[in-house]
Structure formats: structure tokens, C-alpha cells
Amino acid sequence: MTAGVPAVRRVVEPHPGAAAALGDLWIAVTEAGGAVDFVPGADPDEIRALAVQTVDAVRSGPSRMFVLGEETAPMGTVLLVPGTGIAAHRADVQRLMVRPDLQGRGLGTVLLGAAVAHARETGLAMLTLGARGGTPLPAFYAARGFVEYGRLPNGVRLSPEDARDVHLFFLPLA
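Note on numbering: residues in each chain are counted from 1, in written sequence order. Owing to the predicted nature of the model, reporting of local features is limited to residues with pLDDT of at least 70; listing and counting of side-chain atom pairs is limited to 80 or more, with chain, interface and lining totals taken over all residues. Only hydrogens and water are removed before side-chain values are computed, so all heavy atoms of the structure are retained for them.

## Notes on the overall build of the protein chain
Runs of H or I in DSSP of at least four residues are treated as helices and runs of E of at least two as strands, each being numbered from the N terminus. Looking only at helices and strands, one finds 4 helices and 7 strands in the protein chain. The N-to-C order of helical and strand elements in the protein chain reads β-α-α-β-β-β-α-β-α-β-β. Restricting the calculation to C-alpha atoms gives the radius of gyration, and the globule rule supplies 2.2 Å times the number of residues raised to the power 0.38. In terms of C-alpha radius of gyration, the protein chain reaches 15 Å, essentially the compact-globule figure of 16 Å for 174 residues. Along the longest, intermediate and shortest principal axes, the C-alpha atoms of the protein chain span 40 × 35 × 35 Å. A burial count over the protein chain gives 41% of its 174 residues as buried. We call two residues contacting when some pair of their heavy atoms lies within 4.5 Å. In the protein chain, the proportion of contacts linking residues at least 24 apart, taken out of those at least 6 apart, comes to 61%. Carbon together with sulfur atoms contributes 55% to the accessible area of the protein chain, which is approximately 8,600 Å² in total. Positive and negative side-chain charges of the protein chain, numbering 15 and 17 respectively, have mean locations separated by a distance of 7 Å. Buried residues are those whose accessible area, probed at 1.4 Å on protein chains only, stays under 20% of the maximum for their type, while exposed residues exceed 50% and partly exposed ones sit between those limits. In these tables, accessible area is a Shrake-Rupley quantity obtained with a 1.4 Å probe, and a residue counts as shielded only by the protein chains included in the view. By the counting scheme adopted, Arg and Lys are positive, Glu and Asp are negative, and His together with the chain ends is not counted. By convention, charge coordinates are those of NZ in Lys, CZ in Arg, CG in Asp, or CD in Glu.

## Describing the environment of H167
Position of H167 relative to the elements: it lies in strand β7 (residues 162-172). Take H167: its relative accessible area is 8%, and that puts it in the buried class. H167 sits 156 residues away from V11 along the chain, and the two C-alpha atoms are 28 Å apart. With residues near it in sequence (within four places) discarded, H167 still touches L129, G130, A131, R132, G133, P138, E148, G150 and R151.

## A closer look at the packing of helix α1 (residues 18-31) against helix α2 (residues 44-60)
The packing of two helices is summarised by the inter-axis angle and the distance between the axes. One way to put it is that α1 packs onto α2 with a least axis distance of 8 Å and a crossing angle of 135°. In terms of orientation, α1 lies oblique with respect to α2. Once α1 is placed against α2, the crossing between them reads as right-handed. Touching A18, A19, A20, L22, G23, D24, W26, I27 and T30 of α1 are P44, I47, R48, L50, A51, V52, T54 and V55, all from α2. Each residue gets one label: Ala, Val, Leu, Ile, Met, Phe, Trp, Tyr, Cys and Pro are nonpolar, Asp, Glu, Lys and Arg are charged, and the others, such as Gly, are polar. Residue composition of the contact of α1 with α2, grouped by class: 12 nonpolar, 3 polar and 2 charged. Helix axes use the C-alpha atoms of the stretch in contact, all axes being lines fitted to C-alpha atoms, and the angles between their N-to-C directions lie in the range 0 to 180 degrees. An angle below 35 degrees is read as roughly parallel, one above 145 as roughly antiparallel, one from 65 to 115 as roughly perpendicular, and any other as oblique. A crossing counts as left-handed when the near helix is turned anticlockwise from the far one by less than a right angle, and as right-handed when that turn is clockwise.

## Overview of the nonpolar core
For the purposes of this section, nonpolar cores are sets of buried Ala, Val, Leu, Ile, Met, Phe, Trp, Tyr and Cys residues that join through side-chain atoms within 4.5 Å. The biggest cluster of nonpolar side chains holds 29 residues, and the ones touching the most others in it are L80, V93, L112, L127, Y141 and F146. Elements represented by at least two residues in this core include exactly β2 (64-70), β3 (73-82), β4 (90-98), α3 (107-121), β5 (126-132), α4 (137-143) and β7. Broken down by element, this core gets its largest block of residues, 7 residues, from α3. In this structure, L127 is in contact with L80, A91, V93, V116, A119, F146, F169, F170, L171 and L173, ignoring residues within four places of it in sequence. Counting 19 residues, the second largest nonpolar core, distinct from the first, contains A18, A19, V36 and M65.

Now the structure itself:
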């Protein structure tokens with residue numbers, strides 16, 4: 001853990017204010033150019049609605065949420081979404097976000113490390129994720145042991161003129 005950084009904790013029963021706080025974080029990260037499903041200028045109501053759905057998925061059980069700081073004032077978050085059926089041995093890492101004013105301090109690495117440790121502790125064999133091309137994210141994940149196994153050409157469209165590849169990664173845990 002980075003010195004002076006609170007521990008990352010898994011959210012099992014989300015606080016009633018968790019969705020609003022996640023929405024605020026998500027909007028801030030998006031407006032700062034973060035690659036978390038939206039682009040700057042996106043409709044805040046759309047982001048807040050997805051934050052509610054995300055917290056509901058944590059509350060109902062399938063998604064696992066990890067928070068750095070308080071649920072109602074998170075410094076950062078990351079989600080693990082376990083597979084089902086024949087994919088139950090793996091989980092997808094989603095929406096690794098750190099408050100823009102705290103980025104560059106290793107907090108993303110701390111959050112990702114907590115998610116990886118939890119995945120190992122619960123017996124998962126592999127983590128997967130997609131990272132938007134044209135950002136530092138592919139290099140970030142590669143530097144933390146994730147292996148790029150392919151790309152989805154033009155997998156996201158930021159605008160009609162700007163399509164980006166999605167870099168596909170996995171991390172074996174066994």
C-alpha cells in the first residue's frame with residue numbers, strides 16, 4: 001500500500017449514498033478525459049443512471065466493488081464482474097477510477113492490486129479487461145502484468161470521426 005493511503009475495502013452492502021458518490025466520481029473522471037464509458041461533455045444524468053445500475057449490481061450480488069476512501073466520498077473505485085457458467089473461473093475488471101486531483105500517486109495501482117488479491121483469494125483463475133486505445137491505459141495494465149491478447153478495431157466511438165481500438169487483456173492468477 002502507498003504510504004498515507006487508506007486501505008481499499010470491498011463494498012458488500014452499499015451505503016444509500018454510494019450511487020450518488022459513484023456518479024460524482026464518474027462524472028469528474030469523465031470530464032478529466034478518463035476512459036470510463038463516456039467522453040467529456042456526456043450527459044451527467046446518463047452517467048448517474050449507470051452509477052445507480054452499477055451499485056444495484058453490487059447490492060444484488062454479481063458485481064464486486066472496491067473503494068479507496070469512503071463510499072460516500074471515494075478517492076477511487078474498481079469493479080470485478082465475475083463470469084458465470086463455463087466462464088465462472090474468471091472476472092472482468094471494470095471502471096478503475098481515481099479522482100482526477102489524486103491521479104499520478106499510485107492509487108490506481110493500489111485499487112487494481114486489491115482487486116487482483118481478492119480475485120486470487122476467492123479462487124478465480126483469470127482476470128480480463130478492455131482498455132481504450134489512444135490513452136495511457138494499455139501501457140498501465142501491461143506494466144502491471146496483464147497480457148494483451150488482441151484488439152477490437154474501432155471498438156469504441158468517441159465521436160463520428162474518432163473511433164479507437166479496445167486493447168484486450170488477461171491476467172492469469174493460477
